[in-house]
Amino acid sequence: MTRHLLSRAGQAALVLWAAFTASYVLLQLLPGDSILIKFQNPELGLSPQQIAEIRAHYAAGSPLADYVSTLAGFLTGRLGYSIDTGAPVVERLAEALPETARLASAAFLLAVLIAVAIAFAASYSRTSWLRGALLSVPSLFISVPAFWLGILLIQIFSFRLKLVPVIGGSELQQLVLPVLTLAVPISAPIAQVLARAIDHVYAQPFVPVVEAKGATRWWVLWRHVARNAVLPTLTVAGLTLGELIAGSVVTETVFGRAGLGRLTEQAVNAQDTPVMLAVVVLAAAVFVLVSLIVDVLFPILDPRLKAAA
Amino acid sequence: MSLLDLRDVAVSYDGRRAVHGVSLSVEPGEVVAVVGESGSGKTTTAHAIIGLLPGNASVDAGTIHFGPPGRRLDLTGWSDRRLRSVRGARIGLVPQDPANSLDPVKTVGAQIGEVLRVHGQRDRRRIRGRVLDLLARVGLPDPETRARQYPHELSGGMRQRVLIAIAVALRPELVIADEPTSALDVTVQRRVLDLIDDLRAEYGTAMLLVTHDLGVAAGRSDRLVVMKDGRVVEQGPTAGVLAAPEAGYTRRLLGDAPALSARPFRDPPPAARPAITVRDLVKEFRVGRRAFRAVDGVSFEVARGTTHALVGESGSGKTTTARMIVRFARPTSGKVTIAGAPDGRDFRRHVQLVHQNPYGSLDPRQSIGEIVAEPLRNFGLGDRAARRARVAELLDRVALPRDVLTRRPRELSGGQRQRVAIARALAAGPEVLVLDEAVSALDVTVQARILDLLERLQHDLGLTYLFISHDLAVVRQISHTVSVMSEGRIVETGTTRQVFTEPRHDYTRELLAAIPERVR
Amino acid sequence: MKTMTTGRRRMRGAPWLAWAVVALVLLWAVAPGAFTGHDPIAGVPADKLRPPGAEHLFGTDAVGRDVFARVVHGSVHSLSGALVAVAVGLVAGTLLGLLAGAADGVADAAVMRLVDVLLSVPGLLLALTVIILLGPGTVNVAIAVGAGSVAAFARLARAEVVRVRRADYVEAAFGSGGRFPAVLWRHILPNSLGPVVALAALQFGAAILAISTLGFLGYGAEPPTPEWGLLIAEGRNYLATSWWLTTLPGAVVVAVVLAAGRISRSIGKDRP
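Residues numbered from 1 in each chain as written. Chains lettered and ligands numbered in written order. Predicted model: local features only at pLDDT ≥ 70, side-chain atom pairs only at ≥ 80, totals over all residues. Heavy atoms only, no water.

Chemist: Just to check I follow, could you spell out the overall build of chain A for this structure?
Modeler: The helix and strand inventory of chain A stands at 13 helices and 0 strands. Going through the 309 residues of chain A one by one, you find that 48% of them count as buried. Counted over contacts in chain A with a minimum sequence separation of 6, partners at least 24 positions apart contribute 71%. Of the roughly 14200 Å² of accessible surface on chain A, a fraction of 69% belongs to carbon and sulfur atoms. (Helix = DSSP H or I, 4+ residues; strand = E, 2+ residues; numbered from the N terminus. Buried < 20%, exposed > 50% of the residue type's maximum accessible area, 1.4 Å probe, protein only. Contact = heavy atoms within 4.5 Å. Areas by Shrake-Rupley, 256 points an atom, 1.4 Å probe, with all protein chains shown as cover.)

Right under this line is the structure:
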């Protein structure tokens, strides 16, 4: 068991390192030196010597030495300096993270609730048209552009119904629409996998055996089917956590909120590679960590995997 | 008055009739066997009694009465809600497939206790005590440990015992057993059937035994109901039906069932030269850090133009041996010699394998014509016209009509598919055919036709067969010589007559004891 | 098993509506003039911000351009972008997956770790990284989105090849004297491509979504190009007064993406 855990942790670290290296290489390939673009502007009136000093400050030396020092920096929590504002990247991240964390965690909870509600209602409904209608909801959710959904929600709830003020309003009021915008697309894959898993479990031969014991429909669904269907759903739910960071880019832009997504957008606009690198590595780290946790949880939820692990 | 009474019950799937007016009855304490081939409607009929049909099925007509006088219930048209009080409490179910019939994420104890809880038991300690009693009663050693284990930690036979414990936990008046032992090895099958008999005698439970296996039905039932295409073709006392079958179909079924028809032994021709020689064959697999010997020093010879059977239960190493002989697996050590077989790719012109599952071994996207012609194309035998003529000839040989040429495998029946697989195996003109459980998935009447076909082909083409099977009755019918395998070793080899009439090894005796009397 | 069968049966029918939507949008891209007489770029200032009506199906924007004409003329950007994206993902991903599935061992492990790395970075962030590298623009956005789908194609292709390779009929084909290339061509590829094609259809819809998202964020085409995402972004300034500027183009995007998903599911089901 511990062996398995250690090897999984090693693999996770390897993937994270590779993600860091790949994004580092990609972002260094940048045509046109982003530092030059920014500081060569004649209006700033910097001399070539000053530019060279700035470059040294941003540690632009030999490529390999650069890479090693950046990697060492990431390992010790020093993420370099933003090209855009000159502030340490750590500071900018620390500023942006709490806002996004609040938004993302609320959205994730809501997404899981929506998904579970859809999948359970679909599998419990006896009429086939109702079931079909419920099951097509996730495909609709997944087809809606998040930015458009956000705009639509603002239009309906802020401008038409005037339930949520456009500017001002309480913390909660400001959070409702962005959370909904972020949650809807993420709930779709979870609902789809859960519904499919429930179908799959219903087709297992042990279900009629439970029914033959005299169990009610709800008993079968809750105590057996749901319990078995959780396993594949957990994997997908874990995968979507990484998507939350990407989704926050759109959501925060639409609602004009500060946060990680907004920071990312600014970094792309300013070709601020250190910030972008930090954001990508952060997203990869969240993804890798969550997959690791899911992997560790699996044998606890499915006794068959205990032996395999 | 009978315990269970079905009158003219009709069931359809999506509006298509599958069961046409079936009537049968079960007396208290009696065992009634419903026999039939796949698609005969036997399982549908049984499941209709307790309302466990799939969502697209409906009971269209007929009445179902259940219970002793005074407590008699008319189950016809009962809702799920009302049937729940009967399910588990008054009618138990022993399902078909022990491997997947228990919830994989719950302990065995919890799943037995569940039937008590569903029917209103709340006292945890009493439930626990009853669960341990039941586990001991169905013959599982160390019930305390078993109750805490998960299904995957038990063997197939043990799981079926757990399912039996669930079925009898509330001492129901009737148990519906749906192919209760079909997925089990013969020796395990016998012990499980003995257990069911004991429990029935003890509790006075009646049983509706659904099975495709006439041997099981003959040995274990008081009355026999023979079904075909959703209709009852004959019913009566078991001994009477077996001795003097009235319906033509019953006669055919009895004639075709290898378990009941004692045909003469096929004695090997004297002094034929060996076509296959296997010497000290070993195959090891790595399981984690340990090596596991699937095949452990196997040696035998097969004379040219004869059939040698490799018999054993699951896990005995017989399939691994076959795969090494056809060179789909490399031996860890030892040697296989096939007389006259070239090396390299041309080996496959000489030696062919027929798989167990005819559906899986045919590419679903190809037509039958393309499938049978494939070896000809691969070896570049003949031009287009010659190949077409050869395919037509092969279809004639395996008695398939010409119009299957353009059809796909899914449009064919199981027996037809296996004929296609045999035609393909014959295409390049091989001398040795390895048949891996080639008739095991087929219904008895279909199985009998394929066995006849194999015998005829051997006679016409002088083929040598290596016949891998778990079914002793089939082996007795088709093979000249037999090797009995257990745990990777051959425990006994001899002519079929010797092995069946004078078994020398205990394991062989045990295997033979597990098949019905008449074949021995 | 219970109660499911009828529902599935209903879903079975040919998705003619979905095909019709895709066909219509394709026609828009090929011959926009046949669907609208209005100019997508030059507006009539006198007609600005008209709500939808007989003259202007989707209304007009702040400079008096017909929104429907802009949606019709914009379809070519979204569709060609999505095609490029799917092509990039399909070719690169399927090749990687085939390589991994066909050559087990070290190559397989290496490719799959690479796929893990690609999967660990969310698609949009990957696309934004590529955009930092290549700069904004329609083609760059398409490549960026395609890069994000490589991992999905690679995973699926590998899984399919591994599944089909284990099938009895592939062993039987080798047993019939088949050489590897012949077996690959005759049996493995035809039987493993179905799900890959289904994924391609699904990714086509996803690519349209992603491209419009990047267009909305301002990394795609330059104004006044009538790219769908950009169109919606431009309409944001008139949310309070002119709902049609954002709602109707967005509804078109939803319809196309839904149709692609529906077609994908029907292909995925069509297995022998």
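Chemist: Could you clarify how one ought to interpret the sheet that holds strand β8 (residues 206-211) of chain B in this entry?
Modeler: By way of backbone hydrogen bonds, the strands of a sheet pair with one another, either parallel or antiparallel. All names here are of chain B. Here we have 6 strands laid out as an open sheet, ordered β6-β7-β8-β3-β9-β10, and mixed in their pairing. Because the sheet does not close on itself, it has two edges, and the strands there are β6 (91-94) and β10 (231-237). Averaged over all pairs of adjacent strands, the angle between strand axes in this sheet comes to 15 degrees, irrespective of strand direction. Bridge count for strand β9 (residues 223-228) against β10 is 6 bridges, and the pairing is antiparallel. The residue bridging R223 from the neighbouring strand is P237, located in β10. In this fold helix α6 (residues 156-168) packs onto β6 and β7 (174-178), with an angle of close to 170 degrees to the strand it touches most, β6. Running over the sheet, helix α10 (residues 248-256) touches β9 and β10 and is turned about 100 degrees from β9. (Pairing = 2+ DSSP bridges. Axes fitted to C-alpha atoms, helices over the stretch in contact; angles between N-to-C directions.)

Chemist: Looking at this structure, how should I read the packing of helix α8 (residues 171-202) of chain A against helix α10 (residues 217-255) of chain A?
Modeler: Relative placement of two packed helices is described by the angle separating their axes and the distance separating the axes. Residues and elements named next belong to chain A. One can describe the packing of α8 onto α10 by two numbers: an axis separation of 7 Å at closest approach and a directional angle of 155 degrees. Relative to α10, α8 is oriented roughly antiparallel. Crossing angle aside, the handedness with which α8 passes α10 is right-handed. Looking at the contact of α8 with α10 residue by residue, the classes come out as 21 nonpolar, 7 polar and 1 charged. (Parallel < 35°, antiparallel > 145°, perpendicular 65-115°, else oblique. Left-handed = near helix turned anticlockwise from the far one by under 90°. Nonpolar A, V, L, I, M, F, W, Y, C, P; charged D, E, K, R; others polar.)

Chemist: Explain the sheet that holds strand β2 (residues 16-26) of chain B here, please?
Modeler: One open sheet accounts for 4 strands, arranged β2-β1-β4-β5 (chain B); its pairing is antiparallel. What marks the edges here is a single partner per strand, and that holds for β2 and β5 (73-74) of chain B.

Chemist: What exactly am I supposed to notice about the nonpolar core here?
Modeler: A general tendency of soluble globular proteins is for nonpolar side chains to be buried together. Within the largest apolar cluster, 102 residues are counted, with the highest numbers of intra-cluster contacts made by L125(C), L128(C), I208(C), L214(C) and W228(C). With sequence-adjacent residues up to four places away left out, W228(C) is seen in contact with V25(C), V71(C), G74(C), S75(C), S78(C), I208(C), V252(C), V253(C) and V256(C). (Core = buried A, V, L, I, M, F, W, Y, C linked by side-chain atoms within 4.5 Å.)

Chemist: Help me understand the side chain of D108(C), please; the structure alone is not making it clear to me.
Modeler: Residue and element names in this part refer to chain C. Position of D108 among the secondary structure elements: in helix α4 (residues 106-120). Accessibility expressed as a relative area gives 11% for D108, which makes it buried. Polar contacts involving the side chain of D108 include one to the side chain of R158, which spans 2.7 Å. (Polar contact = N/O pair within 3.5 Å; in protein donor to acceptor, adjacent residues only side chain to side chain.)

Chemist: Explanation requested: the interface of chain C and chain A in the structure shown.
Modeler: By a frequent convention, interface size equals the accessible area lost on bringing the separate parts together. Taken together, the contact pairs 44 residues of chain C with 51 residues of chain A. Across the chain C/chain A interface, buried area totals approximately 4300 Å², and carbon plus sulfur atoms make up 74% of it. Counting across the interface, chain C meets chain A through 8 residue pairs in polar contact (both at pLDDT 80 or more). Those elements giving two or more residues to the side of chain C that touches chain A turn out to be α1 (4-11), α4, α5 (123-134), α8 (180-217), α9 (228-235) and α10 (244-269) of chain C. (Buried area = accessible area lost by both parts, 1.4 Å probe.)

Chemist: Please clarify how α5(C) should be interpreted in this entry.
Modeler: Three or four residues apart is the spacing at which side chains of an α-helix point the same way, because the helix has 3.6 residues per turn. Residue and element names in this part refer to chain C. Spanning 12 residues, α5 covers 16 Å between terminal C-alpha atoms, matching the ideal 16 Å at 1.5 Å per step. Of all the 12 residues making up α5, 10 are buried; the element is thus mostly covered by neighbouring parts of the structure. For α5, the set of buried residues is L124, L125, L126, A127, L128, T129, V130, I131, I132 and L133. Positive backbone phi, approximately 85 degrees, marks G135, located one or two places after α5. (Expected span 1.5 Å × (residues − 1).)

Chemist: Any chance you could explain the interface of chain C and chain B here in plain terms?
Modeler: At the junction of the two partners, chain C supplies 22 residues and chain B supplies 28 residues. Each partner contributes to the roughly 2300 Å² buried at the junction of chain C and chain B, and carbon and sulfur atoms together form 49% of this total. Remark: the boundary between chain C and chain B carries 2 salt bridges. Salt-bridge contacts for R323(B) lead to E171(C); the nearest nitrogen and oxygen are separated by 2.6 Å. Across the contact surface, chain C and chain B share 13 residue pairs in polar contact (both at pLDDT 80 or more). Sorting the residues of the side of chain C that touches chain B by element identifies α1, α7 (168-175) and α8 of chain C as the ones contributing at least two each. Looking at the side of chain C that touches chain B, the element that brings in the most residues is α7(C), giving 7 residues. Looking at the side of chain C that touches chain B, its residues break down into 7 nonpolar, 9 polar and 6 charged. (Salt bridge = Lys/Arg side-chain N within 4 Å of Asp/Glu carboxyl O.)

Chemist: How should I be thinking about unusual backbone geometry in this particular structure?
Modeler: The phi angle of most residues is negative, glycine excepted, and most peptide bonds adopt the trans form. Omega for the bond connecting P223(C) with P224(C) falls within 30 degrees of zero, at 5 degrees, which places this linkage in the cis form. Turning to its location among the elements, P224(C) is positioned in the loop between α8 and α9. The phi angle at D280(B) is positive, at roughly 50 degrees, despite the residue not being glycine. With respect to the secondary-structure elements, D280(B) resides in strand β11 (residues 274-287). With a phi angle near 65 degrees, R327(B) is a residue other than glycine that sits in the positive phi range. Among the structural elements, R327(B) can be located in the loop between α11 (318-325) and β14 (333-338).

Chemist: Honestly, the side chain of E265(A) in this entry has me stumped. Any pointers?
Modeler: As for its placement among the helices and strands, E265(A) is situated in helix α11 (residues 260-269). For E265(A), a relative accessible area of 12% corresponds to the buried category. The contacts of E265(A), once residues within four sequence positions are left out, are T253(A), L217(C) and Y219(C).

Chemist: What am I meant to see in the pairing of β7(B) here?
Modeler: Sheet faces and side chains relate simply in a regular strand, where the side chains alternate between the two faces. Residues and elements named next belong to chain B. Most of β7 sits inside the fold, with 5 of its 5 residues counted as buried. Both faces of β7 are covered, namely the face carrying L174, I176 and D178 and the face carrying V175 and A177. Two elements, β6 and β7, share 4 bridges in a ladder whose sense is parallel. In the strand pairing of β7, I91 is matched with L174. Two strands pair when backbone bridges link them, and β7 and β8 are joined in this way by 5 bridges, in the parallel orientation. Bridging across to β8, A177 finds its partner in L209. Crossover β7 to β8 through helix α7 (residues 186-203) is right-handed. (Right-handed = clockwise from strand over helix to strand, strands pointing away.)

Chemist: Even after reading the chapter, I still don't get a nonpolar patch on the surface, so can you show me in this structure?
Modeler: On the surface, a cluster of nonpolar side chains totalling about 390 Å² of accessible area is made up of L289(A), I293(A), L297(A) and I300(A). Within the fold, I293(A) resides in helix α12 (residues 273-301). (Patch = residues over 30% accessible without salt bridge, like charges linked within 9 Å, V, L, I, M, F, W, Y side chains within 5 Å.)

Chemist: How should I be thinking about helix α7 (residues 146-160) of chain A in this particular structure?
Modeler: Residues and elements named next belong to chain A. Taking 1.5 Å of rise per residue, the 15 residues of α7 would be expected to cover 21 Å, and the 20 Å separating its terminal C-alpha atoms lies within 8% of that figure. Burial within α7 is extensive, with 11 of its 15 residues counted as buried. Considered for burial, the residues of α7 that qualify are A146, F147, W148, L149, G150, I151, L152, L153, I154, Q155 and S158. Just past α7, the residue K162 takes up positive phi, approximately 55 degrees.

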